[in-house]
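These are the residues of each chain, in order.
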Amino acid sequence: MAIGLLFAVLTGLTWVITGAIVGSAERRGCGAFRQQLVSTGLSIAAVSVALVAGRALWPESRAFAFGASPLPALCMVAWGFLNFWMIFFMGRAMARGPNGLAWTVTQSGLVFPFLMGVLSGRTDLTWARAAGFAMIVGNVVVSGFARGGASKGGSTLRWFLPALAAFVLCGANQCAVNLVSYLPADVRPENLERMLWGGVGTLAAWAVFTAGKRLLEGPAPRDPDLRGKYLFLLRVCGLALIPGFVASCWFHFNALDRLEAAGAIAIASPMEVNACLIGFFLYGRLALRERTTALQNAAFAMGLLGVVLIALG
């Protein structure tokens, strides 16, 4: 179980690296849907090369096997599909309202995979785990309020409704990827194949989004900087490819599988989100020299305590 917890923490910390790199895409005005297209395209290309090269060099290795059963493949496609829309609605909420609160509502979706693991009997709910989970949710909520963000004007529903949609989608996509680890080990696809199916789901969501946007709004006006935006995204997403690849292929799926084997899969998503929060706190404090408030320091301490309690549970 200790290795599974370590992998969950490393997954969350890797999200900090990826977020710090690709976050600049929004500031450049590229749009989250373009960023997801480029990032997913690069990921699928890298996975495809790894699968082909691996099969050629180590034909007997199961790590490069391909051909999952329909159920896990569909779960991974659903994961990628739902993740695209989660990011879309979270972006809408952040554009219309307080960024910190929109992020908090979205990430609170971690309660769904936790409850799924507990209610399905896959994870025993000890007092330490319950307390640790409460501390992690508290870290998410307090961090969101501490980050704040001014309202963009208009009704609260303008940002809260898309944030609520992102909350449901966040929980649904985490449940979808967790379900694959619920399956027997001989039925689960290998990590590279999981990444590939997830990428297919994201591209399918992008295709639906693009078609719907064209149908509702007509052809988009010509953007004179479109080529520059895509070149920028290729550079930024290319830098994010390595940590993102490692996080998904090695840390994330192994964390889920190991924690499932230890009867503790329900704590995987809370640990990952909490590690990401703690990582961003340290990144802002040490790398960006940001000043922190007493509320932010309290959230940081709460998150650390949550990790300790869940580990002891």
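Residues numbered from 1 in each chain as written. Predicted model: local features only at pLDDT ≥ 70, side-chain atom pairs only at ≥ 80, totals over all residues. Heavy atoms only, no water.

**Q** Tell me about the overall build of the protein chain, residues and numbers included.
**A** Helices and strands together make up the secondary structure of the protein chain, namely 12 helices and 0 strands. Along the protein chain, helices (α) and strands (β) appear in the sequence α-α-α-α-α-α-α-α-α-α-α-α when read from the amino end. Counting the 313 residues in the protein chain, one finds 45% classified as buried. Within the protein chain, residue pairs in contact and separated by at least 24 positions form 88% of the contacts whose partners lie at least 6 positions apart. By element, 70% of the accessible surface of the protein chain is carried by carbon and sulfur atoms, the whole surface being about 15,000 Å². (Helix = DSSP H or I, 4+ residues; strand = E, 2+ residues; numbered from the N terminus. Buried < 20%, exposed > 50% of the residue type's maximum accessible area, 1.4 Å probe, protein only. Contact = heavy atoms within 4.5 Å. Areas by Shrake-Rupley, 256 points an atom, 1.4 Å probe, with all protein chains shown as cover.)

**Q** Now, about the nonpolar core: what can you tell me, with residues and values included?
**A** Counting residues in each nonpolar core, the largest one holds 58 residues, and the members touching the most others are Trp85, Ile267 and Met271. Isoleucine 267 has contacts with Met1, Leu5, Phe114, Arg129, Leu259 and Ile310, leaving out every residue within four places of it along the chain. Within the second largest apolar cluster, 6 residues are counted, among which are Cys30, Leu233, Val236 and Cys237. (Core = buried A, V, L, I, M, F, W, Y, C linked by side-chain atoms within 4.5 Å.)

**Q** Please set out the packing of aromatic side chains residue by residue, giving values where relevant.
**A** Ring pairs (aromatic) are described by centroid distance and by the angle formed between their planes. Tallying each qualifying case throughout the model produces 14 aromatic pairs. Seen in terms of ring centroids, phenylalanine 88 and phenylalanine 89 are 5.2 Å apart; in terms of plane orientation they differ by 75 degrees. Their pairing is edge-to-face. Linked through ring pairs, Phe33, Phe84, Trp85, Phe88, Phe89 and Phe209 together constitute an aromatic cluster. (Phe/Tyr/Trp six-rings, centres within 6.5 Å; stacked < 30°, edge-to-face > 60°.)

**Q** Go over the pattern of salt bridges, please, and point to the residues and values.
**A** This structure, assessed with the given rule, holds 5 salt bridges. Among the salt bridges present, the one from aspartate 257 reaches arginine 188, with a minimum N-O distance of 3.7 Å. Of this pair, aspartate 257 sits in helix H10 (residues 226-261) while arginine 188 sits in the loop between helix H8 (157-182) and helix H9 (191-217); the two residues are 69 residues apart in sequence, bridging distant segments of the chain. A single burial state applies to aspartate 257 and to arginine 188, both of which are buried. Residue lysine 229 pairs with aspartate 223 through a salt bridge whose shortest N-O separation is 2.8 Å. (Salt bridge = Lys/Arg side-chain N within 4 Å of Asp/Glu carboxyl O.)

**Q** A description of helix H6 (residues 111-119) should follow, citing residues and the corresponding values.
**A** Looking only at H6, the buried set comprises Pro113, Phe114, Met116 and Gly117. Angularly, the buried residues of H6 cover 165 degrees about the axis, an arc narrow enough to put them on a single face. Of the residues one or two after H6, glycine 121 is the one with positive phi, at around 80 degrees. (Arc of directions from axis to C-beta.)

Function cannot be inferred from these measures alone, as they are strictly geometric.
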